[in-house]
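Reading the structure
As a plain string of letters, each chain reads:
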Number of protein chains: 2
Amino acid sequence: MGALSDLFGPERVAVVGATDREGSVGRAILTNLQADFDGDVVPINPNRDAVLGLDCYESVASAPPVDLAVVVVPPGIVVDAVREAGEEGVEDVVVITAGFSETGSEGADRERDLIEVAEEYDMNLVGPNSIGIMSTPNGLNATFGPENAEPGSISFMSQSGAFITAVLDWANDHDLGFKDVVSLGNEAVLDETDFIREWGDDPDTDVIIGYLEGIDHGREFIDTAREVAEDTPIVLVKSGRTEAGAQAASSHTGTIAGSEQAYEAGLDQSGVLRVNTVEEMFDYARMLSDQPTPERDDVAVITNAGGPGVMTTDAIGDSRLDLADFSDETLETYGEMLPDEGNIYNPVDVLGDAPAERFREALDIALDDRGVGAAVIVAAPTAVLDFEDLADIVAEARAEHDAPIVAALMGGESTEAAAKKLQDAGVPNYFDPARAIRSIGALSEYRDISERAHEPPREFDVDRGRAREILERVEGRNDNSLGVEAMELLDAYGVPTPEGAVVDSPGEAESVAEGIEGDVVMKIVSPDILHKSDIGGVKVGVETDDVYDAYEDLITRARNYQPDASIIGVQVQEMADLDAGTETIVGLNRDPQFGPMVLFGLGGIFVEVLEDTTVKIAPISEPEAREMIDDIQAAPLLRGARGRTPADLDAVVETLQRLSQLATDFPAILELDVNPLVAGPDGVQAIDLRLTVDNDEL
Amino acid sequence: MGALSDLFGPERVAVVGATDREGSVGRAILTNLQADFDGDVVPINPNRDAVLGLDCYESVASAPPVDLAVVVVPPGIVVDAVREAGEEGVEDVVVITAGFSETGSEGADRERDLIEVAEEYDMNLVGPNSIGIMSTPNGLNATFGPENAEPGSISFMSQSGAFITAVLDWANDHDLGFKDVVSLGNEAVLDETDFIREWGDDPDTDVIIGYLEGIDHGREFIDTAREVAEDTPIVLVKSGRTEAGAQAASSHTGTIAGSEQAYEAGLDQSGVLRVNTVEEMFDYARMLSDQPTPERDDVAVITNAGGPGVMTTDAIGDSRLDLADFSDETLETYGEMLPDEGNIYNPVDVLGDAPAERFREALDIALDDRGVGAAVIVAAPTAVLDFEDLADIVAEARAEHDAPIVAALMGGESTEAAAKKLQDAGVPNYFDPARAIRSIGALSEYRDISERAHEPPREFDVDRGRAREILERVEGRNDNSLGVEAMELLDAYGVPTPEGAVVDSPGEAESVAEGIEGDVVMKIVSPDILHKSDIGGVKVGVETDDVYDAYEDLITRARNYQPDASIIGVQVQEMADLDAGTETIVGLNRDPQFGPMVLFGLGGIFVEVLEDTTVKIAPISEPEAREMIDDIQAAPLLRGARGRTPADLDAVVETLQRLSQLATDFPAILELDVNPLVAGPDGVQAIDLRLTVDNDEL
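If you're wondering where the values come from, they're calculated on a predicted model, not measured in any experiment.

Turning next to the interface of chain B and chain A. Listed as interface residues are 64 residues of chain B and, on the opposing side, 64 residues of chain A. Considering only the surface of chain B that becomes buried against chain A, Met311, Asp314 and Arg642 of chain B emerge as the three largest contributors, covering 12% of it. Where chain B packs against chain A, one counts 4 salt bridges. Between aspartate 318 of chain A and arginine 241 of chain B there is a salt bridge; the shortest N-O distance is 2.7 Å. Our count for the chain B to chain A interface comes out at 16 residue pairs in polar contact (both at pLDDT 80 or more). Put simply, the parts of the chain that give the side of chain B that touches chain A at least two residues each are α5 (161-172), α8 (243-253), α10 (278-290), α11 (306-318), α21 (605-608) and α23 (635-639) of chain B. Sort the elements by how many residues they give to the side of chain B that touches chain A and α11 of chain B lands first, with 10 residues. Considered class by class, the residues forming the side of chain B that touches chain A number 31 nonpolar, 20 polar and 13 charged.

Given below as structure tokens:
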């Protein structure tokens, strides 16, 4: 495929299916293209000589050479039209026509044919079922929507066409401009990842925003977005977050949704700024395109009113930001500058009689304090304050200082002219101070994202061959699962397990026990018996001399309990010192979109009652594994809260990485639970295991 | 005091300190009063004959009789001016002048004098340090602010004057009207509770809103607000929520803030709808004044666009509401009505080619379903949809159905005329569907508040005299605290404790042990030794024969550990069967604003690491005690999660109420912790106790 920049920067565009029929999509697109496009527009329609004053051609072949074909013919002839364009060397195609995979099996077949043709001719294909694309630098509006985008530096993609129409209608009314806009449609060929990659390379795109209901190739998305996000912020609404929403999204786009937990992890690992509302999407986008990231999270509040100052401070308390602590020098300067009743501590109260100049002085003092990373001006209307003067002054300060500044001029109509001035200076203004603070929070969050060090996952020296052998043991099982008898799998991947083995005769049991120092634990091993202790299938503290008898007793109990149970044998294991550590759970899982995931949590009530677990998409790096520990609420218990011995966190972190490698190496592992993994002061030990394997993937 | 309705409905108002000096507060108030007030305005100023064309009087005494005096004279003569008004029989006074308790000790003295005068003459006094009051029915604007309120049914109070100015500026631009407005100022006499009471009785006030930084008489506030909220919704911003915010509020208003946990509990028990932003405050107020509460929480979504439908569904998932499940009949009707590609399931997709009429039909079908409690119209701009037609149709539906309806017309300028029409019909319109859903959520929350059954706290038969005797034992202690030796206090209030006693001789220990069946637990009792087990100060499972020696051993250990420790004796107690129950913590605490509070949580890590506790202001009713259990995250453990024996929740609930009564009966108890209270399957038992007592309150 050629670069996507050609898709947005064509010189001649063919509208295949152009018509002048009133109310038709073909006419709407042609009209939109004629409006502002710098290049040529060529209608294609075998039944017309001219359309809307332009010469019309029978086919792409008979027309002058075009770079981009916009296809609006009926669904049944779309594939032929695209093929013809391919034959003529057209590399970029937008298929507007609906009636493909979104409509049922016939449509899905048609979409497969379309993909085949696009691949054959190596085409960049947008859609089908797209409302089109826009690119403001050359005035390209190849959509059938009622609105065109204003020029700007935000590039915007959406899986919902209606969302684009709604957003443009709104954005044009709010002075928000775009570079490129794309309605992704069914994403038969090009998807969100392709556009993120393209816009990451595009010097004219400052911020990427998008509305997505699903992500197709999770791992590719993470890798691409992560790289792009280092320089270009990506702000996304991923809807279908809630169970009901996911169901609605699935019936809307027909895709199988991945789990919200996977999306949350995947988007976080991608460095995407995830927002839930359109308002936040644009607040963030505007701020990220207009202002620098703060060097520190300490915010100065300059206000002429106590109450709004308190509300702003609350908003800072709710956010990732902090209320700045001024230096002694700053306090002294404020002391000299402000009237006696003013407050020199943050939030700085310049008082109700402050004219704009006093705000400016106070703002300069704050921003000269090295302990201040950003500032917010919060102003209530007073008799002496001219909002427009204040706006001029804030705009000047913004130009002179290298820190983010936002404003909350708290009024209605009286603030409008000032707000416009602020906007022109790239300073957002909100009635609500909380929204102003959130927009600084977005800059701070993006600073952390852009500074993230992406370490590659560590590669451990493991015994893959042995692991495969153990996984292959599942072939005889009818439930595709393995239990403790597969503990060697962990051994092969370097996860510590107690000494011992699963045996199928009393003699073997005895000889295993002889090799173990001290008493042993013995457990019945059977895929059919889940609650072993309930039937007396677990014996703790068995002396070596008693092992032979204990073996036979365990087998007898199992037989009595369930005569038809498949019994694999008995596990003979050294006694694990559970008191010496905290029980954790480490698991693997597989998401349809994002692939393998690693799960971590504390055992027992923490997982089952408090649902205090965290997941990340595998493979994970060491810093990511470390973050997983921070992510759980119960983390202080591992660190030694309440007089506990601190657990060996390095060993937990290493185990998470080793299992991440196992999940990546063997796509056949559908689910795996190490429960518990006991984390003691000098290492970890896996006590029990359960996994499910997909035979076909082995 | 007279009714506050006279404060807002005077016939003749005196401005004491009236002047025509440009830029003065006195002139501003007089000008505002002259603008729209239906009654007479009388300037009072000994140095003028006329002010702004009105005859000016030397004093209130020499003027025609007035109902309301607005005082703007310098702080030094405010008290005299108010006294003079009192002498003349003026019952209602607004003191605008600042320079009272907000400025230091001299001002505080002045404020005390002011209170005294107000009490002497039984006056309703607003302020001092207030920007004034407004009441739209008679055009009263006795403030010096730049804006007047538009008429409406919302009454508004604020502890921040600037907040009023800002909000009015904004509200007038957003067609939001008010009945009364009051700037509370320093609340020397009248406070938030007085106005809530007044507006609760006012037939012209539909919704009460307010901005508060503190609440002065917590219990009175709760009792008043609770009663008012049954019929009139109260929506409040209580700022100073965060630690930094509380600090800022305290330096702003000079009040000692209560704890946020107390405010949260108190506002919740009051039935206040607490919001964090101005936007929410007005979204809620508008909705509550214009629309009925929904009979059920199931919402129907009618949309012409898949993506926005999904976002709306997510917003419902985030809220207290549910996506409605349509009846078979409804689905059938939709099947007949909608084109084949439409979605008959909720969210209903009427498709991109839907004209307004199709929305109307779909809306009617949804609202005729008994399973639907409210509806939201979500519409993206399309070629065929006229937003104004849609607005007309939604307004009609609103008039015809008895369920709340909100709209999210997703566009900019193109939606303005329609939004205006909707607003006139009392239907809010937001670009963001999430905001629309939140406003239905407010109605649902208020429905629950208005339906709350307020049971009086149960009165238990307790031994108050004995409790007092035990509390008095603190008199000799230098740390004002008591420990296990005060366990009888719990006994006196009917909270089960293990059999046993604190003794101070080995012989007594033996005789107590003889009276107890089975072995006993013995613990050293000393206010100076906190970690008893660390020094071997606890003996478990002591046989009766060994009790004598054990006593002496415990005393020796304590003496060796800390020779100067004050040793009260040894507790001899029956063995509590801790395995049979779950350790909980029940505590009492005292908030400066709200008074006694009851705390509940699970013991150990739940309190110390997970901070999973809940509080309520005492006294609590039985339903409130029961709610406390529901409020903690770990509640499932008490109910029998993970194969545990369910705890006797009734016994826990009763204990919470008995301790609530103890806290209310004895204001001297500053803090009390029963830790643990073991909750077993057949009751509870308090195992350990610690309390702090205020000697002076005994």
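Aligned on chain A, chain B shows an RMSD of 0.1 Å; the corresponding rotation is 180° and the shift along the axis is 0.0 Å. Both copies of the chain, as the preceding transformation shows, are related through a two-fold rotation axis. Both copies share a contact surface, since 100% of the interface residues of chain B are interface residues in chain A too.

This next bit is on a negative patch on the surface. Among the surface-exposed residues, Glu514, Asp519, Glu543, Asp545, Asp546, Asp549 and Glu552 of chain A lie close enough to one another that they form a single negatively charged patch. For glutamate 552 of chain A, the position within the fold is in helix α20 (residues 547-561).

Further remarks concern the sheet that holds strand β21 (residues 500-503) of chain A. Sheet strands associate in pairs through backbone hydrogen bonding, adopting either a parallel or an antiparallel arrangement. All names here are of chain A. What the 4 strands build is an open sheet, ordered β21-β24-β22-β23; its pairing is antiparallel. The open sheet has two edge strands, β21 and β23 (538-542), and neither has a second partner. Each neighbouring strand pair of the sheet contributes to a mean axis angle of 15°, computed without reference to strand direction. Bridging between strand β22 (residues 520-525) and β23 involves 3 bridges; their strand directions are antiparallel. Its bridge partner being in β23, methionine 522 is matched across the sheet by lysine 539. Those strands touched by helix α19 (residues 506-514) are β21, β22 and β24 (569-574), and its axis lies near 180° from that of β21.

This paragraph deals with the pairing of strand β30 (residues 689-693) of chain B. Residues and elements named next belong to chain B. Of the two faces of β30, the one holding Leu689, Leu691 and Val693 is buried and the one holding Arg690 and Thr692 is not buried anywhere. One ladder, built from 2 bridges, connects strand β20 (residues 481-482) with β30; its direction is antiparallel. Bridge pairing in β30 links leucine 482 to leucine 691. Sheet topology places strand β28 (residues 669-680) next to β30; 5 bridges connect them, and they run antiparallel. Residue glutamate 671 lies in a different strand from β30, and its bridge partner there is threonine 692.

Time to look at the sheet that holds strand β10 (residues 151-158) of chain B. Residues and elements named next belong to chain B. Taking strand neighbours across the sheet as the criterion, the 7 strands line up as β9-β8-β11-β10-β12-β13-β14 in an open arrangement whose pairing is mixed. On the outer flanks of this sheet lie β9 (140-143) and β14 (273-275), each paired with one strand and no other. Direction aside, the axes of adjacent strands within the sheet are offset by 15° on average. The pairing of strand β8 (residues 132-135) with strand β11 (residues 178-183) spans 3 bridges and is antiparallel. When the sheet's bridge partners are listed, methionine 134 is paired in β11 with valine 181. Those strands touched by helix α9 (residues 260-270) are β13 (234-238) and β14, and its axis lies near 140° from that of β14.

So, about helix α24 (residues 649-665) of chain A. Working note: α-helix, 3.6 residues per turn, so residues spaced by three or four point in the same direction. The end-to-end C-alpha separation of α24 of chain A is 24 Å, in line with the 24 Å expected for 17 residues at 1.5 Å each. Among the 17 residues in α24 of chain A, 13 count as buried, and that is most of the element.

All names here are of chain B. Tracing the backbone shows alanine 501 in strand β21 (residues 500-503). Using a relative accessible area of 31% as the deciding quantity, one classes alanine 501 as partly exposed. When the C-alpha positions of alanine 501 and serine 319 are compared, they lie 52 Å apart, and in sequence the two are 182 residues distant. Apart from residues lying up to four places away in sequence, alanine 501 is in contact with Val512, Val570, Gln571 and Val572.

So, on to the pattern of salt bridges. Summed over the entire model, instances satisfying the criterion amount to 80 salt bridges over all chains. In this structure, the salt-bridge partner of arginine 219 of chain A is aspartate 223 of chain A, at a minimum N-O distance of 3.2 Å. Placement of the pair is arginine 219 of chain A and aspartate 223 of chain A together in helix α7 (residues 218-228), with a separation of 4 residues, close to one helical turn. Overall, arginine 219 of chain A belongs to the partly exposed group, its relative accessible area being 22%. Here aspartate 314 of chain A ties to arginine 241 of chain B by a salt bridge, and the two come within 4.0 Å at their closest N and O atoms. Here aspartate 314 of chain A, found in helix α11 (residues 306-318), pairs with arginine 241 of chain B, found in the loop between β13 and α8, and the two come from separate chains. This pair shows no difference in class: aspartate 314 of chain A is buried, exactly as arginine 241 of chain B is.

By the definition in use, this model includes 3 cavities of 30 Å³ or more. Roughly 70 Å³ of internal volume is contained in the largest cavity. In terms of lining, the largest cavity is formed by Val237, Lys238, Ser239, Arg241, Asn276 and Thr277 of chain A together with Met311, Asp314, Ala315, Asp432, Pro433 and Ala434 of chain B. Contributing elements (two or more residues each) for the lining of the largest cavity: β13 (234-238) of chain A together with α11 and α16 (433-451) of chain B.

Let us look at the nonpolar core. Counting 208 residues, the largest nonpolar core has Phe178 and Phe195 of chain A together with Phe178 and Phe195 of chain B as the members making the most contacts within it. Sequence-distant contacts of phenylalanine 195 of chain A, defined by excluding residues within four places in its chain, comprise Leu4, Leu7, Phe8, Val126, Met157, Val182, Leu184 and Leu190 of chain A. Counting 111 residues, the second largest nonpolar core, distinct from the first, contains Ala486 and Val495 of chain A together with Phe600 and Ala634 of chain B.

Splitting chain A by domain gives domain 1 (291-451), domain 2 (499-575) and domain 3 (578-697). Between domain 1 of chain A and domain 3 of chain A, the C-alpha centre-to-centre distance is 44 Å.

About the cut-offs
- Residues numbered from 1 in each chain as written.
- Chains lettered and ligands numbered in written order.
- Predicted model: local features only at pLDDT ≥ 70, side-chain atom pairs only at ≥ 80, totals over all residues.
- Heavy atoms only, no water.
- Contact = heavy atoms within 4.5 Å.
- Buried area = accessible area lost by both parts, 1.4 Å probe.
- Salt bridge = Lys/Arg side-chain N within 4 Å of Asp/Glu carboxyl O.
- Polar contact = N/O pair within 3.5 Å; in protein donor to acceptor, adjacent residues only side chain to side chain.
- Helix = DSSP H or I, 4+ residues; strand = E, 2+ residues; numbered from the N terminus.
- Nonpolar A, V, L, I, M, F, W, Y, C, P; charged D, E, K, R; others polar.
- Least-squares fit on C-alpha atoms with pLDDT ≥ 70 in both.
- Patch = residues over 30% accessible without salt bridge, like charges linked within 9 Å, V, L, I, M, F, W, Y side chains within 5 Å.
- Areas by Shrake-Rupley, 256 points an atom, 1.4 Å probe, with all protein chains shown as cover.
- Lys, Arg positive; Asp, Glu negative; His and termini not counted.
- Charge placed at Lys NZ, Arg CZ, Asp CG, Glu CD.
- Pairing = 2+ DSSP bridges.
- Axes fitted to C-alpha atoms, helices over the stretch in contact; angles between N-to-C directions.
- Buried < 20%, exposed > 50% of the residue type's maximum accessible area, 1.4 Å probe, protein only.
- Expected span 1.5 Å × (residues − 1).
- 1 Å grid on protein atoms, 1.4 Å probe; cavity = no way out; pocket = protein on both sides within 12 Å on 5 of 7 lines; lining within 4 Å.
- Points joined across faces, edges and corners; volume = space filled by probe spheres on them.
- Core = buried A, V, L, I, M, F, W, Y, C linked by side-chain atoms within 4.5 Å.
- Domains from an automatic or database assignment.

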